[in-house]
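These are the residues of each chain, in order.
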Amino acid sequence: IFKAAIFDLDGVLVDTAKYHYFAWKRLADTLNITFTEEDNERLKGVNRMKCLDIILEIGGVSLGAEVKLELAEKKNNWYREYIHNMDKSGLLAGAEEYIHKLKSQGVLTAIGSASKNAKAILTRTGIIEAFDVIVDGNMVQNAKPDPEVFVKCANLLNITSDKCVVFEDSQAGIAAAKAAGMKTVGIGSEEILCEADFIFTNMLEVELPLF
Ligand code: G6P
Ligand code: MG
């Protein structure tokens, strides 16, 4: 029934969600904004500038466009330092095996990520070749929960949305996939991802009778 699996990257295939959090937290500290792990859920799946807007909103701070660009770049530089030495060990357990299993069954595979660093991470972890299509933050105008990133994946794969299933660790990503008319698999906690059609704690647990 399903012809394609579209994977979010950060927090689904690679263990980078913590580095995004560390870098945003560091930035929030410099701005004297209290930023908690709970607040951080709102940033998952959301593009860089929108993340910054959310943090500034939490702190009740309003800044000009130029300063905001500088702050976002500062965060990205810290983030890139954190992921600089990333290799295969940065892959989340079960992720690579599951992708290869799907491919051996003839399922198409894609990346649908908000990150502008997606290709660098896929290269470093050695899995870039495993995907038929990669859509990242450089290729879309509208951030998740807008469905653009996933719709673009389906278009490039040349299949309809109802043949796609999306793997996501974020609320914004589940909402985006649903808005695209796709089935959703939440990877993480049931409490946070309750809107998903299926939920598994991690990629090792995924067992779908879908393909
Ligand atoms: C992912 C993460 C977000 C991050 C976004 C943009 O979706 O879940 O937390 O803000 O990518 O990442 P970037 O690497 O472009 O700053
Ligand atoms: Mg994610």
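Keep in mind the model is a prediction, meaning the values are calculated, not measured.

Thresholds, definitions, all that
Along each chain, residue indices are assigned from 1 in the same order as the chain's sequence is written. Chain labels run from A onward and ligand labels from 1 onward, assigned in the order the entries are written. Side-chain atom pairs in this predicted model are given and counted only at pLDDT of 80 or more, local residue features only at pLDDT of at least 70, and totals for whole chains, interfaces and linings cover all residues. As a rule, any residue with its backbone-derived C-beta atom within 6 Å of a molecule or strand is reported as near that molecule or strand. All residues other than Ala, Val, Leu, Ile, Met, Phe, Trp, Tyr, Cys, Pro, Asp, Glu, Lys and Arg, Gly among them, are scored as polar; the first ten of these are nonpolar and the last four charged. The exposure label follows from counting other C-beta atoms within 10 Å of a residue's C-beta, where the C-beta atoms are placed from the backbone and the thresholds are 20 or more for buried and 12 or fewer for exposed, leaving partly exposed in between. Numbering of helices and strands runs from the N terminus, with a helix taken as a DSSP run of H or I at least four residues long and a strand as a DSSP run of E at least two residues long. Strands are labelled as partners when DSSP assigns at least two bridges between them. Whether a crossover is right-handed depends on one test, that the path from the first strand over the helix to the second runs clockwise when the strands point away from the viewer. Orientation is described by lines fitted to C-alpha atoms, with helices fitted over the stretch in contact, and by angles between N-to-C directions that extend from 0 to 180 degrees. Contacts are defined on C-beta atoms placed from the backbone: any two residues whose C-beta positions lie within 7 Å are in contact.

Caption draft 1: Main features of the site of ligand 1. If you check the shell around ligand 1, you find 18 residues, and the closest are Arg48, Ala114, Ser115, Lys116 and Asn117. Split into classes, the residues belonging to the shell around ligand 1 amount to 4 nonpolar, 10 polar and 4 charged.

Caption draft 2: Focus on the pairing of strand β4 (residues 164-168). Judged by how many residues are buried, β4 sits mostly within the fold: 5 of 5 residues are covered. The two faces of β4 match: Cys164, Val166 and Glu168 on one face and Val165 and Phe167 on the other face are all buried. As paired elements, strand β1 (residues 4-7) and β4 share 4 bridges and run parallel to each other. Paired with isoleucine 6 across the bridge in β4 is valine 166. Bridge count between β4 and strand β5 (residues 183-187): 4 bridges; the pairing is parallel. Bridging across to β5, valine 166 finds its partner in threonine 184. This β-α-β element, β4 to helix α8 (residues 171-179) to β5, shows right-handed connectivity.

Caption draft 3: Representation of the sheet that holds strand β2 (residues 108-112) in the model. Strand order in the open sheet formed by 6 strands is β3-β2-β1-β4-β5-β6, with parallel pairing between adjacent strands. Sheet topology places β3 (133-135) and β6 (198-200) at the edges, where each strand pairs with a single neighbour. Neighbour-to-neighbour, the strand axes of this sheet turn through a mean angle of 20°, independent of strand direction. In terms of strand pairing, β5 meets β6 through 3 bridges, oriented parallel. Looking at β6, one finds that glycine 186 is bridged to isoleucine 199. Where helix α7 (residues 148-157) meets the sheet, it contacts β1, β2, β3 and β4, and its direction lies at approximately 155° from that of β3.

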